[in-house]
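# Structural description and commentary
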Amino acid sequence: MKTRNKLTSIILGSLVLIAVGCAKNEEDKVIQSDLPETFRIDVPSAISQTSTQKNVSTEVFSGNEAYRHLNNFIYVGDASAEIVEDIIKAIRIYGLSKPMSFSFMSDADRQTKNVVVLDNSSYESSIWQHQLTITDAASESNADGGIGLQVFWNTNPTMGIALLRPHYWDKSDTSNLDSTLFRIDYSEAGDSIYDATMVVSIYKWDLNLNDRFHMDNMKMFVGKAGDRIDVFGNSNHPDAWLFLQEPKGFNWAFVASGSASKNIGVAEVGLPLSNLDESRREVLLGTYSLQNVFTSQIREYYYQTYKVYPDAAAVANYLTNTEAPGFFNSSGFVQGGTAPTNEYDALVSNIQGLVPYNPYYISNLTLEFKQ
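Residues numbered from 1 in each chain as written. Predicted model: local features only at pLDDT ≥ 70, side-chain atom pairs only at ≥ 80, totals over all residues. Heavy atoms only, no water.

## Re the pairing of strand β11 (residues 264–270)
Put simply, the test is: Here the term buried applies to any residue with accessible area under 20% of the maximum for its type, exposed to any over 50%, and partly exposed to those in between, with areas from a 1.4 Å probe on protein chains only. Comment: elements are numbered from the N terminus, with helices defined as DSSP H or I runs of at least four residues and strands as E runs of at least two. Any two strands with at least two DSSP-identified bridges between them are counted as paired.
Across the seven residues of β11, seven count as buried, placing the element largely inside the fold. The two faces of β11 match: Ile264, Val266, Glu268 and Gly270 on one face and Gly265, Ala267 and Val269 on the other face are all buried. Both strand β10 (residues 250–259) and β11 contribute to a ladder of seven bridges, which runs antiparallel. Along β11, the bridge assignment pairs Ser259 with Ile264. Remark: four residues form the turn of the hairpin made by β10 and β11, two consecutive strands paired antiparallel; Asn263 in that turn has positive phi of roughly 50°. In the sheet, β11 pairs with strand β12 (residues 326–329) via three bridges, with the strands oriented antiparallel.

## Re the environment of Asp311
Selection criterion: Polar contacts, as counted here, are pairs of nitrogen or oxygen atoms within 3.5 Å of one another; within protein the pair requires one atom able to donate a hydrogen and one able to accept it, and residues that are adjacent in sequence qualify only if both atoms are side-chain atoms.
Mapped onto the elements of the fold, Asp311 is located in the loop between α5 (290–306) and α6 (312–318). On a C-alpha basis, the gap between Asp311 and Arg299 in space is 8.9 Å, while along the polypeptide they are twelve residues apart. A distance of 3.1 Å separates a polar atom in the side chain of Asp311 from the backbone nitrogen of Ala313.

## Some thoughts on the packing of aromatic side chains
Stated formally: Two aromatic rings, drawn from Phe, Tyr or Trp (for Trp, its six-membered ring), form a pair once their centres lie within 6.5 Å of each other, and the interplanar angle then sorts them: stacked below 30 degrees, edge-to-face above 60, tilted otherwise.
Summed over the entire model, instances satisfying the criterion amount to twelve aromatic pairs. Relative to Phe232, the ring of Phe221 has its centre 4.8 Å away and its plane inclined at 20°; by these criteria the two rings are stacked. Remark: Phe232 occurs in strand β9 (residues 228–237) and Phe221 occurs in strand β8 (residues 218–225); sequence separation between them is eleven residues. Across the pair, exposure class does not vary: Phe221 and Phe232 are buried alike. Put simply, the rings of Tyr194, Phe221, Phe232 and Tyr357 touch in pairs and so form one group of aromatic residues.

## Overview of a nonpolar patch on the surface
Threshold: Nonpolar side chains (Val, Leu, Ile, Met, Phe, Trp, Tyr) are joined into patches within 5 Å and like charges within 9 Å, using only residues with over 30% relative accessible area and no salt bridge. The protein chains shown are the only cover counted for residues, whose accessible areas, like all others here, come from Shrake-Rupley with a 1.4 Å probe. Salt bridges are defined by distance alone: a side-chain nitrogen of Lys or Arg within 4 Å of a carboxyl oxygen of Asp or Glu.
On the surface, a nonpolar cluster with roughly 400 Å² of combined accessible area is contributed by Tyr301, Tyr302, Tyr306 and Val308. Note on placement: Tyr301 falls in helix α5. Note on Tyr301: relative accessible area 39%, which makes it partly exposed.

## Some remarks on unusual backbone geometry
A cis amide bond, omega 0°, links Asn156 with the succeeding residue Pro157. Position of Pro157 relative to the elements: it lies in the loop between β4 (147–154) and β5 (159–164). A cis geometry characterises the amide bond from Glu246 onward to Pro247, with omega recorded as 0°. For Pro247, the position within the fold is in the loop between β9 and β10. Its identity as a non-glycine residue notwithstanding, Arg110 has a phi of 60°, on the positive side. On the secondary structure map, Arg110 appears in the loop between β1 (100–105) and β2 (112–123). Phi angles above zero are rare outside glycine, and Glu124 is one such case at about 50°. When you line up the elements, Glu124 lands in the loop between β2 and β3 (126–136). For Glu124, a relative accessible area of 45% gives the class partly exposed.

## Some remarks on the environment of Leu347
Filter applied, for reference: Every residue pair with non-hydrogen atoms within 4.5 Å of one another is taken to be in contact.
Mapped onto the elements, Leu347 comes out in helix α7 (residues 345–351). Classification of Leu347 as buried rests on a relative accessible area of 7%. Put simply, Leu347 and Ile229 are 118 residues apart on the chain and 9.6 Å apart in space, counted from C-alpha to C-alpha. Dropping the residues within four chain positions of it, Leu347 is found in contact with Arg228, Ser257, Gly258, Ser259, Ile264, Gly265 and Val266.

## Details of the pattern of salt bridges
Oppositely charged side chains may form a pair once their charged atoms are brought near each other. Summed over all chains, the structure comprises twelve salt bridges. Its salt-bridge partner being Lys113, residue Asp136 comes within 2.8 Å of it at the nearest N-O pair. Highlighted residues: Asp136 in strand β3 and Lys113 in strand β2, separated in sequence by 23 residues. In this structure Lys113 comes out as buried when scored by relative accessible area, which is 0%. The residue Arg281 makes a salt bridge to Glu268 at a minimum N-O spacing of 2.8 Å. Note that Arg281 is positioned in helix α4 (residues 281–287) and Glu268 in strand β11, a separation of 13 residues in sequence. The same class applies to Arg281 and to Glu268, which are both buried. Because the salt bridges share partners, they merge into one network encompassing Arg40, Asp42, Asp78 and Glu85.

Structural data, given as structure tokens:
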């Protein structure tokens, strides 16, 4: 899958850049860092995995295909957080937590990179104990300042914000990620519901603009409460259309809950329009449920093509296993509608309290570094 390969290359390139830049002398290797040891929540593979493409012209469009995009988009968010965490771990090894600044030449693109570490930095109305910024020197006069990475963090409890622009890690990369920006908000402060939380935001992904289902923005919340991992969010697909070429532009809105130890999960998916300004669960996952939207579109497509509505039983058969919720295990989708065993019962109950983001907000999402 192109997405997975691209994410992997970003991880490797980022680690090479950090290793080259930080190991400027032997003393750096023994400096103790207070950078967080952890900066993400691992999402169970039952609800975070890649899948193969499906041709919707086959006789039966099963739940395995209907829900596969959920797995893919959660995977993209989870992998993005892993990228940032791996970079932070690499920085931690070399002790870049005290105020300092230096420059180095990256092996990735043979460009000079500047590194600055500050204490007591202000960002988004908060004061952070530390701020790390790495820029591409030749791009610092650009409107975005040429910033490749920025991390703000506190200790005791661990919490922070990390922003990454892959383009400035490797300017020789000719992919469509020039404007892409990742943001990870992570906290171990805890609250009445979760022990730790993570929010992954992606701005201007645009990896494959030739695909009408391409994603531009995404935002995903992950909360850990003991063994339970809750996930909700939206990915925006501005040029997407389903069976009908109009309307165009959909959010893939989702909620999910999984057990880390059992590696099982339960999920609900909605397909609201990208420009829908709505926050109610009953609308996002009820009115615009995956099954409702597909049923409506198939009926209208059939009518426009044959001037008669299709048999309801035939449509239901075509959309087998698309009813909510969907059930997953380590092998992927199991079935829709009815739980395969009672071990899913607590997760089914739990997702009723989860709500995706407002689609209009995700469609108009913006991210930016501190300049």
